[in-house]
There are 2 protein chains.
Amino acid sequence: MEASWIVYPGDYELWLHREVSLRRDERLSIVPPFWRLDTHYGNVKFYRWIDLEQEEQVNLYVEGRYNIAINDRYVYGNPSKFTVPAGKSLLAVSVVAEVVCPAIFLQGQSFVSDSEWKVTANNHRIVTAASLNFQDPMRPPSSHKLAVEPIVPTAATLLDKSSTLIDFGKETFGYVRLHGIRGQGQIGLFYGESREEALSVEACETYDLIQLDETSLGDDPKLMTYTHPSSRAFRYVQVVCEEGIQVEDVSALYEYLPVEYKGKFRCSDDRINEIWNISLYTLHLTTREFFLDGIKRDRWVWSGDACQSFLMNYYSFFDNAVCRRTLIALRGKDPVETHINHILDYSFYWILSLQDYYDYSGDTEFVRDHYPKALSLLEFCAGRENDSGFFEGQPDDWVFVDWAEMNNRGEVCFEQVLYCRSLEIVAGFAERFDDAKKASALLVKSRELREKIIQAFWDPDAGGLVHGRREGVLDEKVTKYANMFALSYGYLNETQTESVIRNVMLNDEVQRIVTPYMRFYELAALCGIGETSRVVEEIKSYWGGMLDLGATSFWETFDPSQSGSEHYAMYGRPFGKSLCHSWGASPLYLLGKYVLGVRPTEPGYAAYILEPSLGGLDWIEGSVPTPSGEIAVYADANVIKLTVPEGKGLLRFRSSIDPRSSDVAISCVGEDVYEAELVPHSNVLVHYRSF
Amino acid sequence: MEASWIVYPGDYELWLHREVSLRRDERLSIVPPFWRLDTHYGNVKFYRWIDLEQEEQVNLYVEGRYNIAINDRYVYGNPSKFTVPAGKSLLAVSVVAEVVCPAIFLQGQSFVSDSEWKVTANNHRIVTAASLNFQDPMRPPSSHKLAVEPIVPTAATLLDKSSTLIDFGKETFGYVRLHGIRGQGQIGLFYGESREEALSVEACETYDLIQLDETSLGDDPKLMTYTHPSSRAFRYVQVVCEEGIQVEDVSALYEYLPVEYKGKFRCSDDRINEIWNISLYTLHLTTREFFLDGIKRDRWVWSGDACQSFLMNYYSFFDNAVCRRTLIALRGKDPVETHINHILDYSFYWILSLQDYYDYSGDTEFVRDHYPKALSLLEFCAGRENDSGFFEGQPDDWVFVDWAEMNNRGEVCFEQVLYCRSLEIVAGFAERFDDAKKASALLVKSRELREKIIQAFWDPDAGGLVHGRREGVLDEKVTKYANMFALSYGYLNETQTESVIRNVMLNDEVQRIVTPYMRFYELAALCGIGETSRVVEEIKSYWGGMLDLGATSFWETFDPSQSGSEHYAMYGRPFGKSLCHSWGASPLYLLGKYVLGVRPTEPGYAAYILEPSLGGLDWIEGSVPTPSGEIAVYADANVIKLTVPEGKGLLRFRSSIDPRSSDVAISCVGEDVYEAELVPHSNVLVHYRSF
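Bear in mind that the values here come from a model prediction, so they are computed numbers and not experimental data. (Residues numbered from 1 in each chain as written. Chains lettered and ligands numbered in written order. Predicted model: local features only at pLDDT ≥ 70, side-chain atom pairs only at ≥ 80, totals over all residues. Heavy atoms only, no water.)

**A look at the sheet that holds strand S35 (residues 666-670) of chain A**
Residue and element names in this part refer to chain A.
In step 1: Pairing in this open sheet of 5 strands is mixed, and the strands run S29-S30-S34-S36-S35 from one edge to the other. Of all the strands in the sheet, just strand S29 (598-602) and S35 have a single pairing partner and so form its edges. The mean angle between the axes of side-by-side strands here comes to 30°, regardless of whether they run parallel or antiparallel. (Pairing = 2+ DSSP bridges. Helix = DSSP H or I, 4+ residues; strand = E, 2+ residues; numbered from the N terminus. Axes fitted to C-alpha atoms, helices over the stretch in contact; angles between N-to-C directions.)

Below you can see the structure in the form of structure tokens.
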């Protein structure tokens, strides 16, 4: 029986989200998000019934101001130690707090603070208290910090008498430290994700000015170290010392979320291996208290961005906790007054993310708890349909889709497809959580919408879905967005599917996608139609293109047609672009899901498919984490080797010869297509011949 | 053009309500309210378009962390002085704050922070910023304090070597000050609304323990004064000095809301005059940042309690600001998850209070702004009707009605009457604010409910409405509550009205009401049926009964059958009862509305009735505030003298002779009943003969 700090469920995550969201600054100006920032309830009451054989001394630690009541009588003076009498008692601790999230840690002999406790925000609902992963009474939830470890630069270049350019060798994140400070005066730290940015005192996105005096740092020169209190994203730091102050050395504390590197990937192509490694590093840098979009900018939690981080995470860290924190933070509290992040698409991505989380983690409890929140979000959306039952951006909505040039006024087909999928998903939750009437209503609605989408947006001449419709007039432009999602969701019939593949997906005339963000879905859709080799080539050229430019993490946007420091500009600012953006890391997902070929077919890998595809590589090797352990895969042109954990696995592969295995029974299920059911906890060797 | 601190509308009030609500403590244990405590939005953006002929320097003061943007470009470094360029610009200040309410004060040459600004909580809604009554940039809204003035005790009694009992002569509120402190050690302040309470170190409801050291108070013995930082309610303070520390003298800073004493009342009976004065003082003590219930306990804002304070206020201070603050604080933010204060009746009282505020103040803007909040509150209520369309207390609802003994499970008739009235009121708002469809739906519903109430609860044998119905079985008990409200609202036909008067209101067999709280409505109902003389007698005996016991402010409950310190006990605690409770001050309302006889008949006294009634007194004299000035009334058996301000006034009176006046035209409108239309801004003398 271990005591934990307990809180109102979800409130710690919302509190932490507020804290993290307010850490963004730009040239010393705080940049708060432009959405409502929900936080914890400020007045909550924890309680439980206890029945003691004999009286007990308990120790209580609280975040916030509080009182204690035993059977509705206050224990006056709020002692940190008090006695609970023998017999049956109702023990209650009321806590109020604004700056921190109300939390208690209680240690008795026969009972402790844990999920046996109830909590209410005095708002009618009584819920089970959330037991946080904080077991030390002296380290309350508000003291939470990510892990740090010291790192040293790879190079330091004296620029002039007062300025030095420090290079940490790769993109990183953390607290800059100055060592061997002598004298007193101001030191400027000018951060750069690129060398150019750090050198630009006038235009770098982040900098700090520090006033230092060696005498305030103690007597021992070796200990004259200053650690800056704000963590920053950088590869380069230009350190500028005012006359009168000097710094001997610079290092940093790298700050990170401790995660396990569970997913693995290696193959015969070193370029792909490097891309996979840098993707993993990019994802790790952006996987923190929450899935952030980028570490320099925005340092915020965006639903569409996170949706991809979730999926990459399932093929790398498989860290469910950061998924849950992110889902809670994005959804916030009721009432829903705007789309998530004010972006129409981003409400839908939240629902998609919840489904993905369910599929991969099998965390029924969390999804059941959040089903009502999916429902009320969808109700908010339903209230914004236009007369045709479609979505249009309303004033103060942002219809994002992607950074490419496009006209997103009016009815954008892409949004209708996401809405349709969201309806299907929530219908599925409704069915699973015994809400049959709701399930059926949502399903009917989604089917009707699906038909309406094809009726309204399908252009037989272009052979695909057009981008949108404004005041009844269809766009002439076909873009990939709606088409690739409709394709992935199986919303097209056979003829339409073939047409979209030929006329849209594989058609170079159609506007190119220039963000890794939408390339994610584009490449996933191409994999889905068997174009894995093409995708592997695309990964090599697109992500490889960033490597050629010296990228040590992947970028927010990459347009190969740009050159030089054009690559760093965005939003009209020379260094506005994020050079470490989570959505840049999608090869993790693509290689895990479509090359290693592993994906769950029942929540939490209760069942899964394993469909390795060499994609033009000589051999591939790796492992994919599941709740019950890792699925290890090796494949080359002649053998497939697997080690599988718990779960009903199905191997599917193509072979130009009759495959054979002494480990599994293989059956032919189509032309050159074979399947084998996998025995849990087994090793499997299959001999075959790839095409 | 004067700059004010501006905020998101309502947020300052909610913030202040949180602060005030958390000031209650009981023997050093904080006692937070048991309802959800809403507060300000933590992330807001103030903005306005400006068009300047030439660039302007502006000074900015902010509560919270902030950034400035001109045309979506940050003014880096958050300077407190910056320049806005000539031409058209969008100026925006984003503010985040948790502990204080985000607020800005901006001073340019041609523009300032005022209600020309818009503000959003980044939640889709864009509203006009609320301009607070804070015009000093150095005194931001969070620094708000009520006024104080020094008061001295009327007596000090040495109890023993270390203890002194200080008597301030009457109930008061403020900060105790200790003068001429010598030595060091602990001083205990034990507060008492009664002498007994202050003497009871073990059981007094509030006390403070202070650790003092004369050396920390400066060198000059005269200046060795310590002012306790928490304000308290008391008449008596027992000061207990530990060995080693001494106090020469004790005083206090009386803390109060500066209000104007606009309403006046005097009559031929000094006992009534004293009751009126003590009522006024009681109301003033409880009229603070908000209308509080009591100053020792609960120091909270309760809707049912406040409903009466509102009405008393209209006959005394006519302070609209405290009304608005209280209405905002009570209603909180959406979503509505519980009844206001968790009490079924208290949701309805909020709607009643809003109507009263409208009637007396004529503040259409405020009421229009809050009409949607009345609507959503009523929608919450509608969602809780049972199958019969009636209300029953649900788990976690408190069905209060009154402190007397009664069974409030099941369908309590009183609650249905209040619900019916609430429907009528909101129907009226709907009509006034151009929501005709809603108005008609609510009106139909209220009429149906009214019929159902009579059908369900009218007991022909008892000749009144029974208290309630449980599982289809009617109460045998008739109580006054539902009957007196139904009577006041005109829900009874003539026969029923007569029966209720005879069998319920004037029937001593029916359970007596023992709180000033419900006596308020009882006596108002009696006045409404012409029983003013009886009411004046009741006031003399009931409130006079408290005076006989030494009351210097009126109490939460008063049962004349109790004796000695029984009067001080409540909630099983010897001094649990509040001896200064706003609902004790109802004579202010009764004497103003029914004896002076003044009440508005159109919002804001656009029209009003003046119906003086001597109620057995030889003469009465006083004035009632209205938005356009005071209505002064004098009446004795032979003359009525009036001075009236703006508004369509109607004088109505009974006379046993033909009345005459050279100031107004008098017409006879019934047997011995006369009316005269009053000319605005006139003096009127009428000769008549009272009955």
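**Quick look at the sheet that holds strand S35 (residues 666-670) of chain B**
All names here are of chain B.
In step 1: The strand order across the open sheet built from 5 strands is S29-S30-S34-S36-S35, with neighbouring strands paired in mixed fashion. The open sheet has two free edges, formed respectively by strand S29 (598-602) and S35, since each of these has just one partner strand. Each neighbouring strand pair of the sheet contributes to a mean axis angle of 30°, computed without reference to strand direction.
In step 2: Pairing analysis gives 4 bridges linking strand S30 (residues 607-610) to strand S34 (residues 648-654), with the strands arranged parallel. Of the residues in S34, the one forming a bridge with Ala 607 is Lys 648.

**Comments concerning helix H3 (residues 270-286) of chain B**
In step 1: Over its 17 residues, H3 of chain B runs 24 Å from end to end, which matches the ideal 24 Å to within 8%, given 1.5 Å per residue.
In step 2: A large share of H3 of chain B lies buried, amounting to 13 of its 17 residues. (Expected span 1.5 Å × (residues − 1). Buried < 20%, exposed > 50% of the residue type's maximum accessible area, 1.4 Å probe, protein only.)

**Quick notes on the packing of helix H8 (residues 413-432) of chain A against helix H10 (residues 480-488) of chain A**
Residue and element names in this part refer to chain A.
In step 1: Taken N-terminus to C-terminus, the directions of H8 and H10 make an angle of 25°; their axes are 8 Å apart at the nearest point. Relative to H10, the element H8 lies roughly parallel. Considering how the two elements wind past one another, H8 and H10 form a crossing that is left-handed. Contacts between H8 and H10 involve Cys 413, Phe 414, Val 417 and Leu 418 on the former and, on the latter, Tyr 481, Ala 482, Phe 485 and Ala 486.
In step 2: For the contact of H8 with H10, a count of residues per class yields 8 nonpolar, no polar and no charged. (Parallel < 35°, antiparallel > 145°, perpendicular 65-115°, else oblique. Left-handed = near helix turned anticlockwise from the far one by under 90°. Contact = heavy atoms within 4.5 Å. Nonpolar A, V, L, I, M, F, W, Y, C, P; charged D, E, K, R; others polar.)

**A look at the packing of helix H5 (residues 320-331) of chain A against helix H7 (residues 364-382) of chain A**
For any two helices packed against each other, the geometry is given by the interaxial angle and the distance between the axes.
All names here are of chain A.
In step 1: Packing of H5 against H7 brings their axes to within 12 Å, and their N-to-C directions diverge by 25°. Relative to H7, H5 is oriented roughly parallel. For the crossing formed where H5 meets H7, the hand is left-handed. Taken together, the residues of H7 that come into contact with H5 (itself represented by Arg 324, Leu 327, Ile 328 and Arg 331) are Phe 366, His 370, Lys 373, Ser 376 and Leu 377.
In step 2: Class assignment for the residues of the contact of H5 with H7 results in 4 nonpolar, 2 polar and 3 charged.

**Regarding the pairing of strand S33 (residues 639-644) of chain A**
All names here are of chain A.
In step 1: In this structure, strand S32 (residues 629-636) lies alongside S33, joined through 4 bridges in antiparallel fashion. Looking at S33, one finds that Ala 635 is bridged to Ile 640.
In step 2: Hairpin connection from S32 to S33: 2 residues lie between these consecutive antiparallel strands.
In step 3: The pairing of S33 with strand S37 (residues 682-687) spans 6 bridges and is antiparallel. Note on S37: the bridge partner recorded for Val 644 is Ser 682.

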